[in-house]
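# Breakdown of the fold
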Amino acid sequence: MQTVVGVRFKKAGKIYYFDPNNIPLSEGSLVIVETARGLEFGRVVVGPKEVPEEDIVPPLKMVLREATKEDIQKVEENRTREQEAFQVCLEKIEKHQLPMKLVGVEYTFDNSKIIFYFTAEGRVDFRELVKDLAAVFKTRIELRQIGVRDEAKIIGGLGPCGRIVCCCSFLGEFEPVSIKMAKEQNLSLNPAKISGVCGRLMCCLKYEQEFYEEARKRMPKVNKEVITPKGIGIVMSCNVLQEKVKVKITQDDGTPELVEFSLQDIQYPDGYNPDSDEEEDNDNDLLLLDEEIKSILED
């Protein structure tokens, strides 16, 4: 077994694991660690714990020390310098008339590199821009193109729910989301209602998806025949949250009637098991969205 601690370098960044190096650390400790980029300043978000050797991705870097007051002051100075570098880079981008949008700037802790994050619709020839920036800052320059989700994570903002966007507040990594999730959760396929501030499908579609998948296993499929207290009918729709089913029943005079029943009042014909029913193909429903909208919503 190996003792490790989990460290984050940004508020909602990915968690990286390090050897605590016999330093007494706890959740919330500020540390200086060795990374592939050099020395970095981070916060312990996962306290010391034992993990099997086979679960460790080598090489396991070490925590060098707890951060001192001087280290914290240096980080604050770097934040100020990042704002200045942002303005300088904007001026250089305008000078070279490059089709790119600057999103953020990051100084490494030891000032060995400055990373400029930007978005662009296509590839950008920024070689002259790098030369200009290197001449100004006298250090290594890296320009990194990111996607719109990463842009929202850096800039932040308020989601449709009124809260700070998840990617900026607590999501360490993006999980894949799809239009199919919105369909299974009975949400409107209107792009304005299921897309976040980044213009992509909302990350929160993933949160309840597991519940919906499990709940739908207990629900009858649409267009299947079921037995109700009013007789045999055809399933027209299912309300997963309330566990209710709307069934079309043909009355004695031949007129159809739409009746809603609780799931517990529904029975299945002999030999029918909803769990073993193959999942229906929703591709035809997704054709309601043209290809342009689908490309906007999905990565």
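Residues numbered from 1 in each chain as written. Predicted model: local features only at pLDDT ≥ 70, side-chain atom pairs only at ≥ 80, totals over all residues. Heavy atoms only, no water.

### Topic: the overall build of the protein chain
For clarity, the threshold we go by: Runs of H or I in DSSP of at least four residues are treated as helices and runs of E of at least two as strands, each being numbered from the N terminus. Partly exposed residues are those whose accessible area sits between 20% and 50% of the maximum for their type, while under 20% is buried and over 50% is exposed, using a 1.4 Å probe and protein chains only. We call two residues in contact when some of their heavy atoms are within 4.5 Å. Where accessible areas are quoted, they stem from the Shrake-Rupley method and a 1.4 Å probe; at the residue level, only the protein chains shown are allowed to cover.
Tallying secondary structure elements over the protein chain gives nine helices and twelve strands in all. When each of the 299 residues of the protein chain is scored for burial, the buried share is 36%. Considering only residue pairs separated by 6 or more positions, the protein chain has 58% of its internal contacts joining residues 24 or more positions apart. When the accessible surface of the protein chain is totalled, it reaches about 18,200 Å², and 49% of it is carbon and sulfur.

### Some points on the packing of helix H1 (residues 69-96) against helix H2 (residues 127-137)
Going by this rule: Convention adopted: a line fitted to C-alpha atoms gives each axis, helices being fitted over their contacting stretch, and angles between N-to-C directions are expressed from 0 to 180 degrees. Left-handed is the label given to a crossing in which the near helix is rotated counterclockwise from the far helix by less than a right angle, and right-handed is the label when the rotation is clockwise. Throughout this entry, Asp, Glu, Lys and Arg are counted as charged residues, while Ala, Val, Leu, Ile, Met, Phe, Trp, Tyr, Cys and Pro are counted as nonpolar. The remaining residues, Gly among them, count as polar.
The geometry of H1 relative to H2 is characterised by a closest axis approach of 10 Å and an angle of 145° between their N-to-C directions. Two packed elements cross with a definite hand, and for H1 against H2 that hand is right-handed. Packed against H1, whose contacting residues are Ala85, Val88, Cys89, Lys92, Ile93, Lys95 and His96, the element H2 presents Glu128, Leu129, Asp132, Leu133, Val136 and Phe137 at the interface. Across the contact of H1 with H2, the residue classes break down as eight nonpolar, one polar and four charged.

### Describing unusual backbone geometry
Look at Asn22: it is not a glycine, yet its phi comes out positive at around 60°. Tracing the sequence through the fold places Asn22 in the loop between strand E2 (16-18) and strand E3 (30-35). Look at Lys138: it is not a glycine, yet its phi comes out positive at around 55°. Structurally, the position occupied by Lys138 is in the loop between H2 and strand E8 (140-145).

### Some remarks on the side chain of Arg149
Cut-off, in case you're wondering: Under this definition, polar contacts are N or O atom pairs within 3.5 Å; protein pairs additionally need one hydrogen-donor-capable and one acceptor-capable atom, and for neighbouring residues in sequence, both atoms have to be side-chain atoms.
With respect to the helices, strands and loops of the structure, Arg149 is situated in helix H3 (residues 148-155). In this structure the side chain of Arg149 is engaged in a polar contact, spanning 3.3 Å, whose partner is the backbone oxygen of Leu201.

### Some words on the pairing of strand E11 (residues 244-250)
As a reminder of what qualifies: Strand pairing requires that DSSP identify at least two bridges connecting the strands.
The alternating pattern of E11 places Val245, Val247 and Ile249 on a buried face and Lys244, Lys246, Lys248 and Thr250 on a face that is not buried. Of the pairings in the sheet, the one linking strand E10 (residues 231-239) to E11 comprises six bridges and is antiparallel in character. Within the sheet, the bridge partner assigned to Asn239 lies in E11 and is Lys244. A loop of four residues connects E10 with E11, the two strands running antiparallel in sequence, and Glu243 in this loop sits at a positive phi of about 55°. The sheet contact formed by E11 and strand E12 (residues 256-262) spans seven bridges and is antiparallel. Looking at the pairing, Ile249 lines up with Glu257 of E12.

### Here's the deal with helix H7 (residues 209-218)
For clarity, the threshold we go by: This arc corresponds to the set of directions leading from the helix axis out to the C-beta atoms.
Taken together, the buried positions of H7 are Gln209, Tyr212 and Ala215. Along the axis of H7, the buried positions cluster into a sector of 125°, meaning they face one direction only. Looking at the buried residues of H7, the elements they touch are helix H5 (179-184).

### With respect to the pattern of salt bridges
Keep this limit in mind: Salt bridges are counted wherever a side-chain nitrogen of Lys or Arg sits within 4 Å of a carboxyl oxygen of Asp or Glu.
All told, the structure shown has 15 salt bridges when counted by the stated rule. Salt-bridge contacts for Glu106 lead to Lys10; the nearest nitrogen and oxygen are separated by 3.6 Å. Here Glu106, found in strand E6 (residues 101-107), pairs with Lys10, found in the loop between strand E1 (2-8) and E2; they are 96 residues apart in sequence, far enough to count as distant. By relative accessible area, which is 13% here, Glu106 ends up buried. The class for Lys10 is partly exposed, based on a relative accessible area of 45%. Notably, a salt bridge pairs Lys95 with Asp132, separated by 3.6 Å at the nearest N-O pair. Here Lys95 is found in helix H1, whereas its partner Asp132 is found in helix H2, with 37 residues between them in sequence. Relative accessible area serves as the criterion here: at 19%, Asp132 is assigned to the buried category. One connected set of salt bridges, linked through shared partners, spans Lys10, Arg37, Glu40 and Glu106.

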